[in-house]
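What follows is each chain in one-letter form.
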Amino acid sequence: LAQVLCLACAMSEAPGGTLSGLVLSAPLYSWDAGPDQRLSFDVLHNRVIHYQETGFFVIDVNESGKEGSFVKFTRPNLRSVAFSPDRNYFAFLSEQNFVGIAETGDPNRGVLNVPFRSTPAGNAEVLSFFWAPARHPVVEDEIHQGSFDLAVITSTAVEMFVLSPASFTLTGSKRFQLSPPATKCWVEPKSGISVLMVGSRTLQPFILNGSAPTKMCKFDCCVDREVSIGDTDVAVMRIYDSTYCVHTDAATGRVSLRNLSNVAMGTPEHDIVLDLQGPGALRMSKVDNLLVIHGLDQGLSWIFDIQQTPNGQVSGGPLCSPSPVVAPHYAGKVDVYAAGWHYLCVDVIMDFDKGSVFRLQLDLDLILKDLLVSKVYDVMAVVHILLRRASCRNRIVSTLLTVLQQEQSEQLPAIFDVLNSAYRGVITRTTEQRDSRPRKSLVGWTAKDGNSILSSHHMVNLVFYPHFISQHPEAQATAAEADGDDELALPPELAPDSSMSEEMKAVRIPPPKDSAPKGPWPRKCPPFLVAVCGYLRSMINLNIEPQKILQCFVFDLCIWFRQEHALQQLMHYHVLMDSPEICGRLFAVVTRPRCEWTIQSCLDMSKRVGAFAVTGAILIHLKQYVDVIPCWRTNGVTSFPVSFLLERIDRDRSRGLCSEETWEYILEDLRMWISDAKASDGFAGDPGRRLGTPDVSGCVKWLPDLEAT
């Protein structure tokens, strides 16, 4: 797999030919650099705020190529701006620690002053402020419905306020007094968690949301007593589904993470500790839920995945070899580790020396190659890492295809469990979001584009079927040349799988031509069929209902590889469930050798799925002619040519296989059906009492009285 990726990957190179897994994007925003230029970043909305004398520019870094908007708002020494969750309001910090709120559409109409409860704003330094996460619908009452919560952190207190847009009023809701006072603050607005430094090395975390603001337990950072924690030494990051306080120790080259969103995991024994290559100044970024540590002195960056293994264990080592950040879109030589570069602890980096904003991106092809060449992780762990990345479906597919080609069957069960566990998580989350009521069964639906989850739909279309065709190209030629069985003719429009989608038709595998092969039976199950059945078993073990396309594909494989005994077991234990598509496949193989059991299975399933045209065709095949007309009449099958039935009865009658009494009984039954159908024409307004007329075209030679009508 590593050799394949070496040829396929578009690898990025740093100066000197060094390969790098981190790449800077083209500039997202540029300005005329200068000491008087002031910018900030709104983490909640991924917006760059560029302050001017008469207002500020707002640039959304998620909308590359789109010009930013300008908000005209005159305020002396405007230092920071944060937009509300609906972006209709913004909170700001100006001179003399004044915190206010204004309306985005018309900010000069009026400014709402933040009413600090006891300590005047001028006597305390405002360290930070942000809009807290929305209230949970369970605790949201009519008074606070549609309101927003603002958290303001000063050196002496942490205060929560509620903004009511309807009346444009701000009221205090919660206050925490700080003793000793705080000197620094780091926040994560999306989770509502902030960390305050209340001593030389003591940190005080808070969970600030509209539902239940909480003061958490203090903890100390392991640093020398002579060393004070700097502004860039700590960050609060949301990685995957948890929020961590990340501390970098430049003296030892060590990074520590403490979970703040899970109380049970927020203890020292659960801390994640990452070791780098020696001491040096460190900066942090987060790219696609990967923690990136930049060593300014070494000129290298380390990429860590804090959930590297399915059991949640972290090895402590980087995901790939450390490498410098490269800037292929940057004109001339660039040193992203210089003093003028500011890392915002997200995937955005600012170059204040030249006045540009960039996004830090991953070269996942190179990272994947490095993972496989180093052999630190097996293929299961690599797939698990890729599943957590956005837009990695093609990389996962290529990895699975290579494993199938190399017939590494011992790794496939674990890989399938990882794939289906992630898929099961998507099903559970989507079910909870769409409908809180319990469901009888969960049907796996196709994941949206941009998500690396692979459903059974993707596995058949992108992995299993392409691999099968690469190993058995004659299957496509067989599909084009396949002919129907004259003894089981069925009009195409009456086939149970006639409504099958074009996508399912594209992956259909017809039965092989040599229907009576020589050699021992049953044959040994081929590894590919074992692998596909293993994937099916993994889905069922996780309570995921396999999609029809996977069930039909397994059916086709069993017939192609002549594993009729395995197919019979899958049908018996309802692994392959009732559907028109499965019924159609059963009908197509009832005349094949060693498939005699499919006759009764097809007959029973056709009744359960309502494919009564197939029921009649099977009864004809079994020469149970007397039951055909009552079956069609009772279930309203009027499109099946009755001439097909009469031809076979007449042929058997000439051979002495059908008595004259039976022949006359069937003709009389047919005449009665025709007569009753004509009599029911008067009930056109009552479909329940109207009887359909059978298709008797071509039956004149057996029923001469039809010619007159």
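Counting restarts for each chain, with residues numbered from 1 along the sequence as it is written. Restriction of local features to residues with pLDDT of at least 70 applies here, the model being predicted, together with a cutoff of 80 or more for giving and counting side-chain atom pairs; totals for whole chains, interfaces and linings are based on all residues. Based on all heavy atoms of the structure, the side-chain values leave hydrogens and waters out of the count.

### Observations concerning the overall build of the chain
Strands here are runs of E lasting at least two residues and helices are runs of H or I lasting at least four, both read from the DSSP assignment and numbered beginning at the N terminus. What the chain contains, in helices and strands, is 18 helices and 31 strands. Sequence-distant contacts in the chain: of pairs separated by 6 or more residues, those separated by 24 or more amount to 58%. Any two residues whose heavy atoms approach within 4.5 Å at even a single point are treated as in contact.

### Brief notes about the state of the cysteines
Pairs of cysteine sulfur atoms within 2.5 Å are what we label disulfides. Per the stated rule, a full pass over the model turns up zero disulfides. Cys558 supplies the cysteine sulfur nearest to Cys533, a cysteine that is in no disulfide, at a spacing of 5.5 Å.

### Considering the packing of aromatic side chains
Stacked, edge-to-face and tilted labels apply to pairs of Phe, Tyr and Trp rings (six-membered ring for Trp) whose centres lie within 6.5 Å, assigned for plane angles under 30 degrees, over 60, and everything in between, in that order. By the definition in use, this model includes 27 aromatic pairs. Geometrically, the ring pair formed by Trp131 and Phe148 is edge-to-face, given 6.4 Å between the ring centres and 85 degrees between the ring planes. Residue Trp131 is located in strand β13 (residues 126–131), and its partner Phe148 is located in strand β14 (residues 148–154); the two are separated by 17 residues in the primary sequence. Of the two residues examined, Trp131 and Phe148, each falls in the buried class. Aromatic rings pair up to connect Phe416, Phe464, Tyr465, Phe468, Phe528, Tyr535, Phe553, Trp560 and Phe561 into one cluster. Positioned over the ring face of Phe219 is Arg258, at 4.7 Å from the centre of the ring. Lying across the ring of Trp663, Arg653 places its NZ or CZ 4.6 Å from the centre. Classification of residues uses two cut-offs on accessible area relative to the type maximum, computed with a 1.4 Å probe and protein chains only: under 20% is buried, over 50% is exposed, and between them is partly exposed. In our convention, an over-ring charge means Lys NZ or Arg CZ found within 6 Å of a ring centre and within 35 degrees of that ring's normal.

### Focus: the packing of helix α2 (residues 364–374) against helix α3 (residues 379–387)
For helices, the fitted axis covers only the stretch in contact; all axes are lines through C-alpha atoms, and the angles between them, taken along N-to-C directions, range from 0 to 180 degrees. Between α2 and α3, the shortest axis-to-axis distance is 10 Å and the interhelical angle comes to 160 degrees. Judged by the inter-axis angle, α2 sits roughly antiparallel to α3. As for how α2 packs across α3, the hand of that crossing is right-handed. Residues Leu368, Leu371 and Leu372 of α2 lie in contact with α3, whose contacting residues are Val382, Ile385 and Leu386. Each residue is assigned to one of three groups, with Ala, Val, Leu, Ile, Met, Phe, Trp, Tyr, Cys and Pro labelled nonpolar, Asp, Glu, Lys and Arg labelled charged, and all others, Gly among them, labelled polar. Here the residues of the contact of α2 with α3 sort into six nonpolar, no polar and no charged. Orientation categories follow fixed angle ranges, with anything under 35 degrees roughly parallel, anything over 145 roughly antiparallel, 65 to 115 roughly perpendicular, and all other angles oblique. The crossing is said to be left-handed when, going from far helix to near helix, the turn is anticlockwise and less than a right angle, and right-handed when the turn is clockwise.

### Re unusual backbone geometry
Cis peptide bonds are those with omega within 30 degrees of zero, and the linkage from Ser179 to Pro180 qualifies with 0 degrees. Take Pro180: it is sitting in the loop between β16 (169–177) and β17 (184–188). With a phi close to 50 degrees, Asp288 is a non-glycine residue in the positive phi region. Inspection of the secondary structure puts Asp288 in the loop between β26 (282–287) and β27 (290–295). Classification of Asp288 by relative accessible area gives partly exposed; the value is 29%. Phi angles above zero are rare outside glycine, and Ser391 is one such case at about 60 degrees. Structurally, the position occupied by Ser391 is in the loop between α3 and α4 (393–405). The class for Ser391 is exposed, based on a relative accessible area of 52%.

### Overview of the confidence of the model for the chain
Note that predicted coordinates carrying low pLDDT should not be read in detail. Confidence scores labelled pLDDT are given residue by residue by the predictor and lie between 0 and 100. Put simply, the chain has an average pLDDT of 84, and 84% of its residues get 70 or more. Note on residues 1–12: pLDDT is under 50 here. Beyond four places in sequence and across chains, it has 27 contacts. pLDDT under 50 marks residues 136–143. Its contacts with residues more than four places away, or in other chains, come to five contacts.

### A closer look at α4
Because each turn of an α-helix spans 3.6 residues, side chains separated by three or four positions end up pointing in the same direction. What a helix is expected to span follows from its residue count: subtract one and scale by 1.5 Å. The end-to-end C-alpha separation of α4 is 18 Å, in line with the 18 Å expected for 13 residues at 1.5 Å each. Buried residues of α4: Arg393, Ile396, Val397, Thr399, Leu400, Leu401, Thr402, Val403 and Leu404, and no others. Glu407 sits one or two residues past α4 and shows a positive phi near 55 degrees.

### Comments concerning the sheet that holds strand β11 (residues 98–103)
What the four strands build is an open sheet, ordered β9-β10-β11-β12; its pairing is antiparallel. Single-partner strands in this sheet number two, and they are β9 (80–83) and β12 (112–113). For two strands to be treated as a pair, DSSP must find no fewer than two bridges joining them. Pairing geometry for β11 and β12, over two bridges, is antiparallel. Directly across from Ile101, in β12, lies its bridge partner Leu112.

### Notes on the sheet that holds β13
Spatially, β13-β14-β15-β16 is the arrangement adopted by the four strands of the open sheet, whose pairing is antiparallel. The sheet terminates laterally at β13 and β16, the two strands that pair on one side only. Neighbouring strand axes in the sheet, compared pairwise and without regard to direction, differ in orientation by 20 degrees on average. Pairing of strand β15 (residues 157–164) with β16, which is carried by eight bridges, proceeds in the antiparallel orientation. Residue pairing in the sheet places Ala157 in a bridge with Gln177 of β16.

### So, the pairing of strand β22 (residues 234–239)
Most of β22 sits inside the fold, with five of its six residues counted as buried. Looking at chain direction, β22 and strand β23 (residues 242–249) are connected through six bridges and run antiparallel. Each bridged residue has a counterpart across the sheet, and for Ile239 the counterpart in β23 is Ser242.

### Looking at the environment of Leu78
Here Leu78 lies in the loop between β8 (69–72) and β9. Leu78 gets classed as buried once you look at its relative accessible area, which sits at 3%. Not counting residues within four places of it along the chain, the set of residues in contact with Leu78 comprises Arg38, Tyr51, Phe56, Phe73, Phe92, Leu93 and Ser94.

### A closer look at the nonpolar core
By nonpolar core is meant a set of buried Ala, Val, Leu, Ile, Met, Phe, Trp, Tyr and Cys residues that side-chain atoms within 4.5 Å join together. Leu257, Phe464, Phe468, Phe553 and Trp632 are the most contacted members of the largest nonpolar core, which has 146 residues in total. In terms of residue count, helix α10 (residues 548–560) provides more of this core than any other element does, ten residues in total. Counting residues in each nonpolar core, the second largest holds 18 residues, with Leu93, Phe148, Leu163 and Leu170 among its members.

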